[in-house]
Amino acid sequence: MMRLRNISGSRDVIANSPYVVKEAQQYRGNWADVFGNTNPVYVEVGMGKGQFLHTLASLHPECNYVGIEKYSSVLLRAIQKLEADELSNIRLLRMEAEEIVSVFGKGEAAGIYLNFSDPWPKDRHAKRRLPSAEFLARYDEIVADGGKIEFKTDNRALFDFAVEELARSAWKAEVITYDLHADEKLMQGNVMTEYEEKFSAAGSRICKYVLVRR
């Protein structure tokens, strides 16, 4: 994943943005208070510049969306997108994904989205990969009954790793494809990220799975 350089003033913008939830641990189990309604809350872990989440929120005003991003310079882009096209059903968090269980209560997330996650290619960093068994256990704590995890990537090695990790988790694949854009049924309603547009236009195959609990 390409990392943007630090942008001067980005932390100040984040600190003052009404879209960014500060001290999110205080809302654990009470995200209805953040949004002012009891609509289902979907979480994108590693949201990047926010195109995917922004599009989803536009299409589904009956749902709430929380985007998690650890890089301030990247999160700034998502804030700018919201300032240009305001939506009341999105909130953003600048935090490490490992801390996700400290900000969402049991069953509080209706579903999880993972899109073009950092592959962390070195073996010693495997636990940091967002579709690792360690992260799947975290998602198991916060995803509601019947909730799903959706993962997309152009990185075949990461996807193969993700599929192998399922055996060590509470999750199973409801859908697996190694060429999403060639699957007419799965492409219905598919919302693309910035990376997905770029990679698919270059001819890369996009892998995707949808997980449900065993």
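Bear in mind the structure is a predicted one, so any value in this text is a computation, not a measurement. (Residues numbered from 1 in each chain as written. Predicted model: local features only at pLDDT ≥ 70, side-chain atom pairs only at ≥ 80, totals over all residues. Heavy atoms only, no water.)

Caption draft 1: Examining the overall build of the chain more closely. Looking only at helices and strands, one finds 8 helices and 7 strands in the chain. Against the 2.2 N^0.38 benchmark of 17 Å for 214 residues, the chain shows a C-alpha radius of gyration of 16 Å, consistent with a compact globule. Its C-alpha atoms put the chain at 40 × 35 × 35 Å along the principal axes. Across the 214 residues that make up the chain, the buried fraction comes to 47%. Once local pairs closer than 6 in sequence are excluded, the contacts in the chain between residues at least 24 apart make up 77%. Carbon and sulfur atoms form 46% of the exposed surface of the chain, whose accessible area is close to 10700 Å². Counting 29 positive and 31 negative side-chain charges, the chain places the averaged centre of each group 5 Å from the other. (Helix = DSSP H or I, 4+ residues; strand = E, 2+ residues; numbered from the N terminus. Rg over C-alpha atoms; globule rule 2.2 N^0.38 Å. Buried < 20%, exposed > 50% of the residue type's maximum accessible area, 1.4 Å probe, protein only. Contact = heavy atoms within 4.5 Å. Areas by Shrake-Rupley, 256 points an atom, 1.4 Å probe, with all protein chains shown as cover. Lys, Arg positive; Asp, Glu negative; His and termini not counted. Charge placed at Lys NZ, Arg CZ, Asp CG, Glu CD.)

Caption draft 2: Representation of the pattern of salt bridges. Tallied over the full model, the rule gives 10 salt bridges. The salt bridge involving Glu-194 is made with Lys-81; its shortest N-O contact spans 3.8 Å. Of this pair, Glu-194 sits in helix α8 (residues 194-201) while Lys-81 sits in helix α4 (residues 72-84), and the two are 113 residues apart along the sequence. Since its relative accessible area comes to 27%, Lys-81 is described here as partly exposed. One salt bridge in this structure joins Arg-213 and Asp-140, with 2.6 Å as the shortest N-O distance. Note that Arg-213 is positioned in strand β7 (residues 207-213) and Asp-140 in helix α5 (residues 133-142), a separation of 73 residues in sequence. Here Asp-140 falls in the partly exposed class, since its relative accessible area comes to 26%. Sharing partners across several salt bridges, the network here consists of Glu-134, Glu-165 and Arg-168. (Salt bridge = Lys/Arg side-chain N within 4 Å of Asp/Glu carboxyl O.)

Caption draft 3: Representation of the packing of aromatic side chains within the structure. What the rule picks out here adds up to 13 aromatic pairs. Put simply, the rings of Tyr-27, Trp-31, Phe-35 and Phe-104 touch in pairs and so form one group of aromatic residues. Above the face of the Phe-161 ring, Arg-129 is positioned so that its terminal group lies 4.5 Å from the ring centre. Here Arg-138 stacks its cationic end above the ring of Phe-135, 4.5 Å away from the centre of that ring. (Phe/Tyr/Trp six-rings, centres within 6.5 Å; stacked < 30°, edge-to-face > 60°. Lys NZ or Arg CZ within 6 Å of the ring centre and 35° of its normal.)

Caption draft 4: Highlighting the environment of Val-175. Along the chain, Val-175 turns up in strand β6 (residues 171-177). Sequence spacing of Val-175 and Arg-213 is 38 residues, and the spatial spacing of their C-alpha atoms is 13 Å. Beyond its immediate chain neighbours, meaning those up to four positions away, Val-175 contacts Leu-186, Lys-208, Tyr-209 and Val-210.

Caption draft 5: Highlighting unusual backbone geometry. Phi angles above zero are rare outside glycine, and Phe-116 is one such case at about 50°. Note that Phe-116 resides in the loop between β4 (109-115) and α5. Non-glycine residue Trp-120 carries a positive phi angle of around 40°. With respect to the helices and strands, the residue Trp-120 is situated in the loop between β4 and α5.

Caption draft 6: Seen up close, the pairing of strand β1 (residues 41-45). Of all the 5 residues making up β1, 4 are buried; the element is thus mostly covered by neighbouring parts of the structure. Alignment of β1 against strand β2 (residues 64-69), held across 5 bridges, turns out to be parallel. Across the sheet, the residue bridging to Val-45 is Ile-68, located in β2. Handedness of the crossover joining β1 and β2 through helix α3 (residues 51-59) is recorded here as right-handed. (Pairing = 2+ DSSP bridges. Right-handed = clockwise from strand over helix to strand, strands pointing away.)

Caption draft 7: Main features of the nonpolar core. Of all hydrophobic cores here, the largest spans 37 residues; its most connected members are Trp-31, Val-43, Val-45, Leu-93, Phe-104, Ile-112 and Tyr-139. Every element with two or more residues in this core is listed here: α2 (31-35), β1, β2, β4, α5, β5 (143-153), α6 (156-165) and β7. Beyond its immediate chain neighbours, meaning those up to four positions away, Tyr-139 contacts Val-45, Ile-112, Leu-114, Leu-130, Ile-149, Trp-171 and Arg-213. Counting 19 residues, the second largest nonpolar core, distinct from the first, contains Val-20, Ala-78, Ile-90 and Tyr-113. (Core = buried A, V, L, I, M, F, W, Y, C linked by side-chain atoms within 4.5 Å.)

Caption draft 8: Geometry of the environment of Asp-12. If you trace the backbone, Asp-12 turns up in helix α1 (residues 10-16). Taking the C-alpha atoms as reference points, Asp-12 and Phe-161, 149 residues apart in sequence, are found 38 Å from one another.

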